[in-house]
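Spelled out, the chains give:
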Amino acid sequence: TESAEVSDTFTLRGDISVHVVIQTGPDGQDPVVEDVEHTTGTKLTLVRDKGVIQIHGAPEKVAQAKRQLQQFIDRFVTCRIQLPPPITAALANKVSHYIRPMPWIAAAEVDEAKDLLKIQGHQDSVDQTFKVLREVYRDHGLELLESDIVTSKKGADEHSYSMRYISKGKGADVLRVSEDDAAFILGRGGKTKHKIARVSGATLELHERNNTVEIFGGDPERRKARKYVELVRAQRVGPVNVDEAHDDGDLTMIAVPHNCVGFVTGSQGNFLRTCEEEWGTLMFFCDYQGPSTDGMGGAERLAIFGDLKGRCGAELKVMAAIETKLPGYYTTNLGDTHSWDEWGTDTVPLEQDQLSYALGKKGSTRKKLAKASGCILEYVGSVAFLAGSLAARQRCREYLGWLCDQVCNKTGRISIDPTTRDDVTLVPVPKDCIGYVMGDKRKTLSRLEEDWETLIFFVDSQSLPTYQDVEGLAIFGAERGRAGTELKVMGAVETKLPQFFTKGVGDFHYPHEWGVDTLPLGNEDLSFALGKDGSTRRKLARASGCILEYVGNVAYMAGTVPERRRARDYLT
């Protein structure tokens, strides 16, 4: 009877958009509101601005309707997929056109900084999105791996969570924290949460409404993230206690003299935060509980968490700061040392004029040396510390030696044989083009070094063609960086002297895994493929993952076979 009917409400979870309950399903199912009305005989009204569904009918039917709505909502999941960089670029546009509009998808977004795709929606619809994803992967010659997928499912009670494991070792943990802890873990602008995620390798989601931290990733990554969260929480209320149990192969301790603690910390912690940002570490001054072997009672302990390279880089930064405050603290009687371990640290004492030259403006030359060699390079006082693999340290020592020699050698020339090295590309540059290639006060070459993480010298070499009036431009660094720099230099020379490099160059496919392909273009095609200020060329390069430069009217594509194939397909 009319008097026996009741009204009740069903509140949608905050992470579910109201539009999904009135959408037809991915397989043509009736909208859930209509389906529930039909099966229960109740009347449902959606109040959009409040995220509420009003239900009117007999008491038992209203209860049945709420159960069916809850069953529908319980099928909503959050799926996170770790993407290869080329897929990230390709999906940036496809998400808004192909995934987000799909029925029963509440949200979909690509985090380009983390190469992460996040999809929230009904399980049936999320399964449908994988058809789109696998098609994109196939287009790029890749395969979507189950190990890159983690799906979480939020229960009916928003304070409880259950997990669906997609692959062995992948899953999620939930930590409950206080409101103050939640704000501290988040940090200003989310920086602390981002640091924890970066150092641990896990993905963190902080839910401030119910003060929980969700940690997604493999078992080692989640374990580290939980440890770092607890250390950050401890830092909020007092000194951080670190003992040997905290070391999962990710901890370095360094003793900081009491009178240097403020200097190393910096104003409002700025120096430590800068070290963390540069080296991907977490750093805490702490009350260390383990054994002390250095006999330094007058020192504070600084804990550095991160991978080996990050910890080593941060440690050397701190040592440099201490040496500035206490000259000779680390470097008294320290000479030229070599470590023959696969990973180790070398030292090279420098004269004052050499140090100034090898440092560069705002440390620019030091950074170039480090990036080109793949070695950690820091100046502690007047001593260069070189840390990394044996090969990287040997390269860095050689590059540093060349720079130091230039302080006394005004011609600034070194002599190399590129056929005996695997870290150099030699480019012939016509003498008439040297000024154009270098730019005013070498600014053009410096920008190339910065963009491609290379080191560039004009050199003497027997490998240069004797029939041309050219100088040898040696590009040192990783293969990819050298290729990008080389093509930029070739493009500059070609602008000044048309067909110097491209005369007789045709459509060429290089058959090996890494190489350079060429494709001649007509004037109209070149203009269209270049775009305004080179915008189209940059988009093609990002989407394909290939290095793409136009040397005259020829497109040069450098990279792996799949990268070059994609660049060619997109270009044509």
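See the structure printed just above.
The following paragraphs examine the structure supplied in this document. (Residues numbered from 1 in each chain as written. Predicted model: local features only at pLDDT ≥ 70, side-chain atom pairs only at ≥ 80, totals over all residues. Heavy atoms only, no water.)

**Focus: the packing of helix α5 (residues 179-186) against helix α6 (residues 191-200)**
Remark: α5 packs on α6, axes separated minimally by 5 Å, with the N-to-C direction vectors making an angle of 70 degrees. Taken together, α5 and α6 sit at an angle that is classed as roughly perpendicular. Counted together, F184, I185 and L186 of α5 and K191, T192, K193 and I196 of α6 form the full contact between these two elements. Class assignment for the residues of the contact of α5 with α6 results in 4 nonpolar, 1 polar and 2 charged. (Axes fitted to C-alpha atoms, helices over the stretch in contact; angles between N-to-C directions. Helix = DSSP H or I, 4+ residues; strand = E, 2+ residues; numbered from the N terminus. Parallel < 35°, antiparallel > 145°, perpendicular 65-115°, else oblique. Contact = heavy atoms within 4.5 Å. Nonpolar A, V, L, I, M, F, W, Y, C, P; charged D, E, K, R; others polar.)

**Quick notes on the pairing of strand β21 (residues 455-460)**
Of all 6 residues making up β21, 5 are buried, and the element is well covered by its neighbours. Bridge count between β21 and strand β22 (residues 470-476): 5 bridges; the pairing is antiparallel. Following the sheet pairing, I456 is matched in β22 by I475. (Buried < 20%, exposed > 50% of the residue type's maximum accessible area, 1.4 Å probe, protein only. Pairing = 2+ DSSP bridges.)

**Looking at the nonpolar core**
In this structure, Y379, L400 and F476 are the most contacted members of the largest nonpolar core, which totals 29 residues. Where this core is concerned, the elements lending two or more residues are α11 (352-359), α12 (364-373), β17 (376-380), β18 (383-389), α13 (390-408), β20 (424-430), β21 and β22. At 7 residues, the largest contribution of residues to this core is made by α13. Ranked by size, the runner-up nonpolar core spans 25 residues in total, among them V199, A202, Y228 and L231. (Core = buried A, V, L, I, M, F, W, Y, C linked by side-chain atoms within 4.5 Å.)

**Quick word on α6**
Buried residues dominate α6, accounting for 7 of its 10 residues. When we look at burial in α6, the residues that qualify are T192, K193, K195, I196, A197, V199 and S200. Trailing α6 by a residue or two, G201 shows a phi angle of about 85 degrees, which is positive.

**Considering the pattern of salt bridges**
Charged atoms that come close allow side chains of opposite charge to pair. Considering all chains together, one arrives at 33 salt bridges under this definition. Across the pair K431 and E471 runs a salt bridge whose closest N-O atoms are separated by 3.9 Å. One end of the pair, K431, is in the loop between β20 and α14 (434-438); the other, E471, is in strand β22, and 40 residues separate them in sequence. With relative accessibility at 42%, the residue K431 sits in the partly exposed group. One continuous salt-bridge network, built from bridges that share partners, spans D173, D219, R222 and R226. (Salt bridge = Lys/Arg side-chain N within 4 Å of Asp/Glu carboxyl O.)

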